[in-house]
4 protein chains.
Amino acid sequence: MLILKLSCPDQHGIVAKIANYIASHNGNLLEFNQFTNTFDSKFFARLEIDTADIDVEINSFITGFNVLGEALKAEWHFRHSPFKLRTVILVTKTTHCLNEILWRTSESDLPLEITSIIGNRDHCQAIAEKEGIPFHHIDMDGDQKNDGFQQIAQILRDEEVQLGILARFMQILPNWFCDEFSGKLINIHHSFLPAFIGANPYRQAYNRGVKLIGATCHYVTADLDAGPIIEQEVKRVLHSHSPQDLMRLGRDCERSALARGIRYHAYDRTIIDGNRAIVFED
Amino acid sequence: MLILKLSCPDQHGIVAKIANYIASHNGNLLEFNQFTNTFDSKFFARLEIDTADIDVEINSFITGFNVLGEALKAEWHFRHSPFKLRTVILVTKTTHCLNEILWRTSESDLPLEITSIIGNRDHCQAIAEKEGIPFHHIDMDGDQKNDGFQQIAQILRDEEVQLGILARFMQILPNWFCDEFSGKLINIHHSFLPAFIGANPYRQAYNRGVKLIGATCHYVTADLDAGPIIEQEVKRVLHSHSPQDLMRLGRDCERSALARGIRYHAYDRTIIDGNRAIVFED
Amino acid sequence: MLILKLSCPDQHGIVAKIANYIASHNGNLLEFNQFTNTFDSKFFARLEIDTADIDVEINSFITGFNVLGEALKAEWHFRHSPFKLRTVILVTKTTHCLNEILWRTSESDLPLEITSIIGNRDHCQAIAEKEGIPFHHIDMDGDQKNDGFQQIAQILRDEEVQLGILARFMQILPNWFCDEFSGKLINIHHSFLPAFIGANPYRQAYNRGVKLIGATCHYVTADLDAGPIIEQEVKRVLHSHSPQDLMRLGRDCERSALARGIRYHAYDRTIIDGNRAIVFED
Amino acid sequence: MLILKLSCPDQHGIVAKIANYIASHNGNLLEFNQFTNTFDSKFFARLEIDTADIDVEINSFITGFNVLGEALKAEWHFRHSPFKLRTVILVTKTTHCLNEILWRTSESDLPLEITSIIGNRDHCQAIAEKEGIPFHHIDMDGDQKNDGFQQIAQILRDEEVQLGILARFMQILPNWFCDEFSGKLINIHHSFLPAFIGANPYRQAYNRGVKLIGATCHYVTADLDAGPIIEQEVKRVLHSHSPQDLMRLGRDCERSALARGIRYHAYDRTIIDGNRAIVFED
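Note that the coordinates shown come from a computational prediction; the quantities given were computed from them, not determined experimentally.

Caption draft 1: Structural view of the relation of the copies chain A and chain C. When chain A is brought onto chain C, the operation consists of a screw motion whose angular component is 180° and whose axial shift is 0.0 Å, with 0.0 Å RMSD remaining. One copy is carried onto the other by what is essentially a two-fold rotation axis. No C-alpha of chain A lies nearer the rotation axis than that of Ala195 of chain A, which sits 2.3 Å from it. Mapped onto chain C, 100% of the interface residues of chain A again fall at the interface, so both copies present the same surface.

Laid out in structure tokens, this is it:
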């Protein structure tokens, strides 16, 4: 099975051209989700293609698409399924998001191959070791910060990482890092963005007396907390909840928003469109 | 704009054929949702087609599709947009579902033209009159039941009704009636089906001590409460809620499940597949 | 039945004192919700008291509580049940919140007696007339604004209004007005506060690409959009939703958040505590 | 801090008597939730009592309550806080509920001391060993079943277990076992009860085409799947979801409903009332 995602300027006949290419090689469409943003005439699509009866090598089929893709001025991506994304998880102290990802990976809910866990603290080292995953403790305090990010970048390069997950990684990323790994970094923010940007969102939420708190999973961009949103989750707050209760409920929001966000990304259900993310939900 | 929904046995190249037909007449696809059920090899699709630049009369475009549709052994349906569905609402005593539909229709949330309201009681007559919609009070008690359904059927025929909404219509429909208007009747059931089938679902729910209650919007079939489900909605129940509170919360579930169900049906987002309904959500 | 809500500085034995007073007159407690905020040592409670067997006149029972209430340095309020709150609804153009309140009032979901509807536009006049409720069209454009609020205040005074509902009333209230009717004005804000404060929240939400939109029901204070939050509601957003779709979904959020907020207020389930609202949910 | 939960036949003055007892020993009420079921005149309450200033030994305070408790013909329970419930987890093959409980216990979200994990299969043994918790593999196939339950009962007795969690334990419990540990066994059922009782609920749900699936956390009684419901959770189903997807979504429902149910039970927020459970939510 192949997943194809594609975006391009809209014009008449795009679906026909894509579908013809697939049919001409005897592929079969299992799922076709297409959406045209008529505000700015952009075409977005995600296809699942059954390749069992295809009449060429898969790789020829993929490279053969180049002619059409370029003619459409498209950006596109094919993914063989089943697959596992080479993934690094970045953490600081808290373990709930890390545990959620590890558990879902072991259950095959998330198609990840976790090559390393990196922490600027060593609180998660024991968990990594239990799972037999290499743990890199990279101290980033004070003026070690830039060196630290250089080390992290080198690990991501060496391990040919396809996805970096910031699982409550409490460091602000330098611009060059965001740029180099653009579209490959997913963060979980512990508030319902754009509310409560910045530090201590649960305390802010308590003080404001909100009745719902949330978490936001988004792509990382140089503009902190402003990257394209992939998924959000909320929980109800009662007046009897202390800031600690909000943190507890918030952890559940974070776990589920992050897990769904990673899943959408991994199965190529997301297409970044400026500071918005198209998400073909499942 | 045209909406096309279509289902047929799966085969290779269906999307290409459909898209080619559209492109060949210079139509432009705005949204294409397709899904293949690989369990029984059935193909389902819903398309939104921008017809601004189309090179033939719309009706020729529609009838021209017959050749392809028949070749695919498909069932399909085109709908011009904007449109209003000719609709009759059937009621008994309660007004909340009726009011919801009337309000959403007046707000253009629902694309309906309500030609009549029919009640086997006269409780809703005043509401109909306020809105200037004809109200038919058809008594169906005892042996007047069959006559009553004959009268209702005649109204549906005379008014060339495209949709009949059972908005808490507390009568069991005869089989011949379900058959004649198959696929055109939508009911709201006051429980989260398949739980609490039958009478007094809120009392049943109270007695069972459930923590969530719900409502179910479904197509009407001769098999009571077993028709294809279009939409469901639940609300949280507290221990302090009496059966009356459950009815109150249930009314909210009914209103929103029914409204969304009607919307999905009206915009051709539903395809009946045996006793399941495919719903291309929005 | 009596509802008592009370807040005071915490001290030992408050519940005993209150319960003793009730028991000493043979009242029976049906529901007692109490909560102590240990951060700032404040005591909050809401009681439902069955007065069927009470041994004095209800009014003597209520005035007799003064001694204890003052000794506790409390703020408190008794409400006879059943009751209807004398209510004025303020509107501009949109009708969905107004319709929701009218329908719920007619269904006895909301215990309101709506004495007037006031509009700075006349779009809702026809609805008011259908329901037989006086409609006051008060133009507030330009320099008529202050006069307008003087007229509104006079209506609220003359009709001895207990609750003013801003049902999408698109005017910023002057401070004197907020002060005079403090704790008696409820607003529905068309965003999930504190996100998207200010104009055009649905457009802001669309531009930011959020995956959930919401509405917020809050008490009105002079600090715009910052009053104590009573209730919030969210709905899921898809990438295919236009700003118009967000407005449509938002209307549903507004209707349900406002209806629940009014219900909590009317049944004395809310206690304002600075810029937070304690809500004893049901 | 002490938690007191209590139920008894209703009469006037119960709250006063309880609060007087607490105040007479200089205890301070932090939270008092009380509810009277007027259908059958039963009184239910849960109290959180700050014992910092109490003027007797805690145990004297607790035993001193006996006189009042018996006079009220009450059932009641005091719990010192903080505390950890001695807990055994029963499993078969699947790991998601087990992992959820272990993680939440390690995060102090759940106040449990897990003394043993018991499996009628050995699939979860590795997880138990990683956590350093004793694992008992007790084969229960065929005629070993009764012996198996005798062994389990002996473990529960030996370890003075306060809570047994059936974390997807796929065995029907004998009546004597349910009776002996009545009120101490919590199960997670993989459907939204009372829908889809019996085997393969996800397949049943798929076939029925429901739009929401769920899970139910309940106390175990001899009447299978009919015990008092503590918590329920639902997730939305799309037409594209296969039965496998329903199982995946269902796992998330199970994890969260079970975790919340255990939390309510552990913090004495539940009172069993026939086949219903009163739940003082937080």
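Caption draft 2: View of the pairing of strand 10 (residues 212-219) of chain D. All names here are of chain D. Burial analysis of strand 10 places eight of its eight residues in the buried class, the great majority of the element. Relative to strand 10, strand 9 (residues 185-189) runs antiparallel, the two sharing four bridges. Residue pairing across strands places Ile188 opposite Cys217, the latter belonging to strand 10. Bridge count for strand 10 against strand 11 (residues 229-236) is seven bridges, and the pairing is antiparallel. Within strand 11, the position partnered with Leu212 by the bridge is Arg236.

Caption draft 3: Looking closely at helix 9 (residues 243-266) of chain A. Residue and element names in this part refer to chain A. Taking 1.5 Å of rise per residue, the 24 residues of helix 9 would be expected to cover 34 Å, and the 33 Å separating its terminal C-alpha atoms lies within 8% of that figure. Counting buried positions along helix 9 gives 21 out of 24 residues, so the element sits mostly inside the fold. Just beyond helix 9, the residue with positive phi is Asp268, at close to 55°.

Caption draft 4: Focus on the packing of aromatic side chains. The final tally for this structure, using the stated rule, is 52 aromatic pairs over all chains. Ring geometry for Phe192 of chain A versus Phe192 of chain C: centroids 4.5 Å apart, planes at 65°, classification edge-to-face. On the criterion of chain membership, the pair formed by Phe192 of chain A in the loop between strand 9 (185-189) and helix 8 (201-208) and Phe192 of chain C in the loop between strand 9 (185-189) and helix 8 (201-208) is interchain, its members lying in two chains. No difference in accessibility class separates Phe192 of chain A from Phe192 of chain C, as the two residues are buried. Ring geometry for Phe61 of chain D against Phe78 of chain D: centres 6.2 Å apart, planes inclined by 75°, an arrangement best described as edge-to-face. Remark: Phe78 of chain D occurs in strand 4 (residues 75-80) and Phe61 of chain D occurs in helix 2 (residues 58-64); sequence separation between them is 17 residues. Grouping aromatic residues by their ring pairs yields a cluster made of Tyr21, Phe61, Phe65, Trp76 and Phe78 of chain A. The positively charged end of Arg276 of chain B is found above the aromatic ring belonging to Tyr206 of chain D, 4.0 Å away from the centroid.

Caption draft 5: Structural context of the interface of chain C and chain D. With 22 residues of chain C in contact, the opposing surface of chain D contributes 22 residues. Both faces combined, the contact of chain C with chain D buries some 1800 Å², and carbon together with sulfur accounts for 48% of it. By the criterion of area lost to chain D, the three top residues of chain C are His12, Asn28 and Gln34 of chain C, representing 30% of everything that side buries. Counting across the interface, chain C meets chain D through zero salt bridges. For the side of chain C that touches chain D, the secondary structure elements donating two or more residues are helix 1 (14-24) and strand 2 (28-37) of chain C.

The rules behind these values
Residues numbered from 1 in each chain as written. Chains lettered and ligands numbered in written order. Predicted model: local features only at pLDDT ≥ 70, side-chain atom pairs only at ≥ 80, totals over all residues. Heavy atoms only, no water. Least-squares fit on C-alpha atoms with pLDDT ≥ 70 in both. Contact = heavy atoms within 4.5 Å. Buried < 20%, exposed > 50% of the residue type's maximum accessible area, 1.4 Å probe, protein only. Helix = DSSP H or I, 4+ residues; strand = E, 2+ residues; numbered from the N terminus. Pairing = 2+ DSSP bridges. Expected span 1.5 Å × (residues − 1). Phe/Tyr/Trp six-rings, centres within 6.5 Å; stacked < 30°, edge-to-face > 60°. Lys NZ or Arg CZ within 6 Å of the ring centre and 35° of its normal. Buried area = accessible area lost by both parts, 1.4 Å probe. Salt bridge = Lys/Arg side-chain N within 4 Å of Asp/Glu carboxyl O.

By themselves, these are just geometric observations and shouldn't be taken as functional.
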